[in-house]
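For reference, the chains in residue letters:
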Amino acid sequence: AQWNFANDFWNTRNPYSPEKAYFLLNEFEGNAGGPLSRESSFTVDAQRNMVDNGSITNAVIVDQKTLALQSFAGVLVTPGRYTNICPRVDYQVGENNTLMFRYGITHSDVRDNGIGGFNLISRGYHSQFTNQTVQAAETLLVGHAVNETHFQYYRSASEAIANSADPAVQVLQSFTGGGNTVGRAFDTQNNFELQNYTSMVKGPHSWRFGVRLRGQTDNSISPQNFNGTFTFGGGQLEPVLDAQNQIVFGPDAKPELALITSIECYRRTLLFQRLNYTPLQIRALGGGATQFSQNAGIAALDVHQMDAGIFAGDEWRARPNLTVNLGLRYETQSNIHDRRDIAPRIALAWAPGSTGQKRGKTVLRAGFGAFYDRFALSNTLAAQRYNGVVQRQYVVNDPDFYPNLPTPTVLVGYQSSQVIQEMSSRLRAPYILQSAITLERQLPANTTLAITYTNTHGLHTFRSEDINAPLPGTYNPDVQNSGVFPLGHPGAVDLMESSGVYNQNQLVSNLNAKVSSGLTLFGFYVFNRARSNTDGIGTFPANPYNFAGEYGPASTDVHHRVTVGGS
């Protein structure tokens, strides 16, 4: 058993907070195990964490009684609770058969999330998730063959519920109040995986073959910004007001003008609404929201996906100092039209001068293989949710209905040209062709040096592009929705595709030295160069009509890495 305790005794005060943030941590961990019978045993791991964090808010607000501007700084305690329990049972069915069952459950509960910075207390939301895992494994020995079956079911259920259902009020660079735009969001994912592997030895050959099946479902409810958001921007020339909130006139009998802040725009809105001014009068005096946005449509979606893989491999000891590995794997999945994912692998290890009675000091290893990646179910979910029909976005500039929400009939004429996400009909699984060669040498003084060169060539890697960008030469940045659009309507259409390329070359050196019976030193150095025209599905070309210049250093292009250590 273990207990870990910490509080804010050693912490300093955040300079943006009038008081030191509260912090209290209690962590309890423990495990137990033993026999259940002559053929079975059990283990149990458990963990309980209780963490109370102080969320610091530092904003400028308007006093609701006097309408005076005032600084707001405070600390609110955000309590978090985390529990994990994981029992396991091992059972010996017979001399050649064993079973294992394992169940794990993790539950997290955090209240008043989302508070801090410009976010006021009303922006808090309650978040929690419960993850459950069921695993079962069987190992069966039949003659010279070992068969292993593994099954896993994983369920993840998360939710985020806003403390308030009111519209959000965003006063730029001052505060954000009202309700949180997360609404009442729920997401439940179910993952199934079944594996069956068989390994057997026959003469100089060690065979291994098997199959893997995976399934995934996602039930997602995401009413993001269904409650609406009012934004106050400020930054425009408006009449100057005196201490009695009257217009100040200049020598020419015209109103004096000055740039006002977002919080002053918000203050004037509240002030003149109390005086029963019309929306037109309020806006003429510098008040009124800058923008109102709201999403509407279907919040709930169900998606699913399956993938399967089958493989066979042979480790052939051709000679006492030569081993050859051959393998072939095939994979496929639903949601994309790709049935060509064949992955061959070959590798060898040769120790010149080595015999059955004498071990050589040099080993040469080399290999080549193809490795595929899968198209994630979350991408399919995004393409279905943001197709321009399931959920719609409405944007009203200079709305005159604050703080009331508009009716659906009012919003009809304000549907914005939102970003649409689509999957390419030619989408296929990306893969890399990887080659490697290693020279390993035993040096004097119990020292081993290994130098490895690897080459990685990736094809059909994921990226996206806007296929509805205005044609070159037709876009005017001063005119909204200007230009000639290929699809005939304004608005970005982000197409997820697999047209990227990735190239990487690495030189790795490893050195291990056993200096004495009690001291071992090790170190490695990596020289790396990586180039690509994409870093993933969220990568877009600067110019969708000209990809020249997109190929350059990848996110993995870390040129030098050095590690030295010992024990």
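Heads up: the structure comes first, above all this text.
In short, a report on the structure.

1. Remarks on the overall build of the chain
Reasoning step 1: Helix and strand counts for the chain come out as four helices and 27 strands.
Reasoning step 2: Taken over C-alpha atoms, the radius of gyration comes to 32 Å for the chain, far larger than the 24 Å a tight globule of 567 residues would show.
Reasoning step 3: When the 567 residues of the chain are sorted by exposure, 36% land in the buried category.
Reasoning step 4: Of all intrachain contacts in the chain linking residues separated by at least 6 positions in sequence, the fraction that spans at least 24 positions is 66%.

2. What about the pattern of salt bridges?
Reasoning step 1: All chains considered together, the criterion is met by 16 salt bridges.
Reasoning step 2: Among the salt bridges present, the one from Asp 90 reaches Arg 88, with a minimum N-O distance of 2.9 Å.
Reasoning step 3: In this structure Asp 90 comes out as partly exposed when scored by relative accessible area, which is 24%.
Reasoning step 4: One salt bridge connects Arg 329 with Glu 331, and the closest N-O pair in it is separated by 2.7 Å. As far as the burial class goes, Arg 329 and Glu 331 line up, both buried.
Reasoning step 5: Where salt bridges share partners, they join Arg 329, Glu 331, Asp 341, Arg 374 and Arg 428 into one cluster.

3. Remarks on the nonpolar core
The nonpolar side chains of soluble globular proteins are, as a tendency, buried together.
Reasoning step 1: By size, the foremost hydrophobic cluster in this structure holds 27 residues, and its most contacted members are Val 171, Phe 175, Phe 230, Phe 232, Tyr 266 and Tyr 402.
Reasoning step 2: Among the elements of the structure, β3 (40-62), β8 (168-171), β12 (229-232), α1 (262-274) and β20 (391-397) are those that each provide at least two residues to this core.
Reasoning step 3: Here this core gets six residues from one element, more than from any other, and that element is α1.
Reasoning step 4: Non-local contacts of Tyr 402, meaning those with residues more than four positions away in its chain, are made with Val 169, Phe 230, Phe 232, Tyr 266, Thr 269, Leu 270 and Gln 273.
Reasoning step 5: Core analysis: the second largest hydrophobic core is formed by eleven residues, Ala 343, Ala 370, Tyr 372 and Met 496 among them.

4. Re the sheet that holds β12
Reasoning step 1: Across the sheet, five strands lie side by side as β9-β8-β12-β15-β20; this open sheet has mixed pairing. Single-partner strands in this sheet number two, and they are β9 (175-178) and β20. Neighbour-to-neighbour, the strand axes of this sheet turn through a mean angle of 15°, independent of strand direction.
Reasoning step 2: Inspection of the sheet shows β8 paired to β12 by four bridges, in the parallel sense. Following the sheet pairing, Ala 168 is matched in β12 by Thr 229.

5. Section: the pairing of β9
Reasoning step 1: In this structure, β8 lies alongside β9, joined through four bridges in antiparallel fashion. What sits directly across from Val 169, in β9, is Gly 177.
Reasoning step 2: Linking β8 to β9, which pair antiparallel, is a turn of three residues; within it Gln 173 sits at a positive phi near 65°.

6. Structural notes on helix α3 (residues 377-385)
The α-helix advances 3.6 residues per turn, and as a result positions three or four apart in sequence lie on the same side.
Reasoning step 1: Among the nine residues of α3, seven are classified as buried, and the element is accordingly described as predominantly covered.
Reasoning step 2: Within the span of α3, buried status applies to Leu 377, Asn 379, Thr 380, Leu 381, Ala 382, Ala 383 and Arg 385.

7. Description of unusual backbone geometry
Reasoning step 1: The omega torsion of the bond from Tyr 402 to Pro 403 falls at 5°, within 30 degrees of zero and hence cis.
Reasoning step 2: As for its placement among the helices and strands, Pro 403 is situated in the loop between β20 and α4 (408-411).
Reasoning step 3: The phi torsion at Asn 481 lies on the positive side, around 55°, for a residue other than glycine.
Reasoning step 4: With respect to the helices and strands, the residue Asn 481 is situated in the loop between β23 (447-466) and β24 (493-516).

8. Some thoughts on a nonpolar patch on the surface
Reasoning step 1: Judged by side-chain polarity, Ile 437, Ile 451, Tyr 453, Leu 507, Tyr 525, Phe 527, Val 562 and Val 564 come together as a nonpolar surface patch covering roughly 720 Å² of accessible area.
Reasoning step 2: Every element with two or more residues in the nonpolar patch is listed here: β23, β25 (519-532) and β27 (560-566).
Reasoning step 3: According to the relative accessible area criterion, Ile 451 is partly exposed, its value standing at 40%.

9. Some details on the side chain of Arg 329
Reasoning step 1: Mapped onto the secondary structure, Arg 329 falls in strand β17 (residues 322-333).
Reasoning step 2: On the basis of relative accessibility, which here comes to 16%, the residue Arg 329 falls in the buried class.
Reasoning step 3: In this structure the side chain of Arg 329 is engaged in a polar contact, spanning 2.7 Å, whose partner is the side chain of Glu 331.
Reasoning step 4: Ignoring anything within four residues of it in the chain, the contact list for Arg 329 reads Arg 212, Gly 309, Ile 310, Phe 311, Asp 341, Ile 342, Ala 343 and Arg 345.

10. Overview of α1
Reasoning step 1: Counted at 1.5 Å a residue, the expected span for α1 with its 13 residues is 18 Å, and the 19 Å between its end C-alpha atoms agrees.
Reasoning step 2: Judged by how many residues are buried, α1 sits mostly within the fold: eleven of 13 residues are covered.
Reasoning step 3: Following α1 by one or two positions, Asn 276 adopts a phi angle in the positive range, close to 65°.

Conventions we followed
Residues numbered from 1 in each chain as written. Predicted model: local features only at pLDDT ≥ 70, side-chain atom pairs only at ≥ 80, totals over all residues. Heavy atoms only, no water. Helix = DSSP H or I, 4+ residues; strand = E, 2+ residues; numbered from the N terminus. Rg over C-alpha atoms; globule rule 2.2 N^0.38 Å. Buried < 20%, exposed > 50% of the residue type's maximum accessible area, 1.4 Å probe, protein only. Contact = heavy atoms within 4.5 Å. Salt bridge = Lys/Arg side-chain N within 4 Å of Asp/Glu carboxyl O. Core = buried A, V, L, I, M, F, W, Y, C linked by side-chain atoms within 4.5 Å. Pairing = 2+ DSSP bridges. Axes fitted to C-alpha atoms, helices over the stretch in contact; angles between N-to-C directions. Patch = residues over 30% accessible without salt bridge, like charges linked within 9 Å, V, L, I, M, F, W, Y side chains within 5 Å. Areas by Shrake-Rupley, 256 points an atom, 1.4 Å probe, with all protein chains shown as cover. Polar contact = N/O pair within 3.5 Å; in protein donor to acceptor, adjacent residues only side chain to side chain. Expected span 1.5 Å × (residues − 1).

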